[in-house]
Amino acid sequence: MALFASCPRGLEKLLAEEISQQGGSELQLTDGGVHFTGNQEVMMRVNLHSRTASRLLQQLAQGSFQIERDIYTLAKSIDWPALFDISNTIKVKTDGHARLRSIDYVSLIVKDAICDRFRALNDERPSVDTRRPDIRIRVFLSGFDVQIYLDTSGEALFKRGWRDETGEAPLRENLAAGILLSAGYNGSQPLLDPMCGSGTFLVEAADIALNRAPGRLRNFAFEKLNTHNDLLWHSIRNDAELAVRPLEKLAIYGNDASLEMVEIARHNLTRCGLESLVSLSHGDATELQAPAASGLLVCNPPYGIRLDEQDSLAELYPRLATWLKRNFAGWTAHLMTADNRLPALMRLNAEARPLLYNGALECRVYAFPLVAGSNRKE
Ligand SMILES: C[S@@+](CC[C@H](N)C(=O)[O-])C[C@H]1O[C@@H](n2cnc3c(N)ncnc32)[C@H](O)[C@@H]1O
């Protein structure tokens, strides 16, 4: 089948590596995702194992159009009743650019085409649920081209199934995993998030260290499809469980200045069975000592979007720089921020990584290799 995995922009290469590992072939990278081919097993494996994907879509039809009616005809050519049962609720969403009256109207006619295919069978149609549909259909328009996809994931893949409380600004799980993997984290290095908030980096790092599948706690839309092979799915999940490393302690450390956030992080770690494996502390980041001789420090300081945050961040960054330089020789610090003043205010040599997007927020990771006494900019 022809598949498309989407991801936060900037993580396409990492996603492509993950897809190859799970058996995907004919990979083509594009802005915000990877096109590839694979069978049902590959589709399930990517859904379960990808740490960086946002969604995995299966292409059902592709064609060109002049008027809306052509899109209806293309959508109606798909055998929807063969794909899913009428008892499932549906939602159609359209994105892209085309010279049409309205994009929402395209969603409406594709929904009509689906319902008409069902009605032709037994005079009944599936219901629409715009909030929590069982089956999501995505339509992409580009000029006079239209592509119709079935979302095999359901809820976005960054929803791992453990988060029920969010901090002020939780990081999307797939973006956190992507930042860790880009930083070279493989589970063997000590890892510290000194501003851990709700603990997203900690959980994602622990999953990498333990080789746990990020999707193990959740369900997927493909489980509702008529074509679903439950036996195969069970064996894929079973393989994933057998591959987990049985570690008793992880060199993963989290800290936050807010006691409330530390408690939320603790709650999230407990939800993931990590409370005794990951160490948490409460206090100002700059009071921490390095927990090991070398390692990775990864965090996203407050974003600095609100005006009242800007002044306190301008004071925080140089303080962080001094603290890093004094205490973390041998470490590399990776700071993710939407605030492009950060490297100048830290006055440390930084390797800037490509742009990343946390939702709509444009961010960058600045990597500071910390070598004793050598990288302060004068
Ligand atoms: C953008 S949030 C981090 C979000 C986190 N990555 C998550 O996924 O939930 C920034 C965090 O930094 C914490 N913070 C701000 N200043 C701090 C400081 N000086 N020391 C420690 N933590 C601090 C805040 O309490 C907040 O939880």
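For the structure itself, consult the block above.
Residues numbered from 1 in each chain as written. Predicted model: local features only at pLDDT ≥ 70, side-chain atom pairs only at ≥ 80, totals over all residues. Heavy atoms only, no water.

**Section: the sheet that holds strand β11 (residues 295-299)**
Then step 1. Pairing in this open sheet of 7 strands is mixed, and the strands run β10-β9-β8-β11-β12-β14-β13 from one edge to the other. Both edges of this open sheet fall to β10 (279-282) and β13 (351-358), since each of them pairs with a single strand only. Going across the sheet, the axis of each strand differs from the next one's by a mean of 20°, ignoring polarity.
Then step 2. Of the strands in this sheet, β9 (252-256) and β10 touch helix α9 (residues 259-271), which is tilted by about 165° from β10. (Pairing = 2+ DSSP bridges. Helix = DSSP H or I, 4+ residues; strand = E, 2+ residues; numbered from the N terminus. Axes fitted to C-alpha atoms, helices over the stretch in contact; angles between N-to-C directions. Contact = heavy atoms within 4.5 Å.)

**Structural notes on the environment of Ala205**
Then step 1. Tracing the chain through its elements places Ala205 in helix α7 (residues 200-210).
Then step 2. Counting along the chain gives 46 residues from Ala205 to Ala251, while the straight-line C-alpha distance between them is 9.9 Å.
Then step 3. Leaving out residues up to four positions away in the same chain, Ala205 has contacts with Leu180, Tyr185, Leu191 and Ile252.

**Here's the deal with the site of the ligand**
Then step 1. Lining the immediate environment of the ligand, one finds 21 residues, of which Ser198, Thr200, Asp256, Ala285 and Asn300 sit closest.
Then step 2. Thr200 has a polar side-chain atom sitting 2.5 Å from an oxygen atom of the ligand.
Then step 3. In this structure, Asn300 approaches the ligand through a side-chain N or O atom, which is 2.5 Å from a nitrogen atom.
Then step 4. Relative to its unbound accessible area of 600 Å², the ligand is 87% covered by the protein chains. (Near = heavy atom within 4 Å. Polar contact = N/O pair within 3.5 Å; in protein donor to acceptor, adjacent residues only side chain to side chain. Areas by Shrake-Rupley, 256 points an atom, 1.4 Å probe, with all protein chains shown as cover.)

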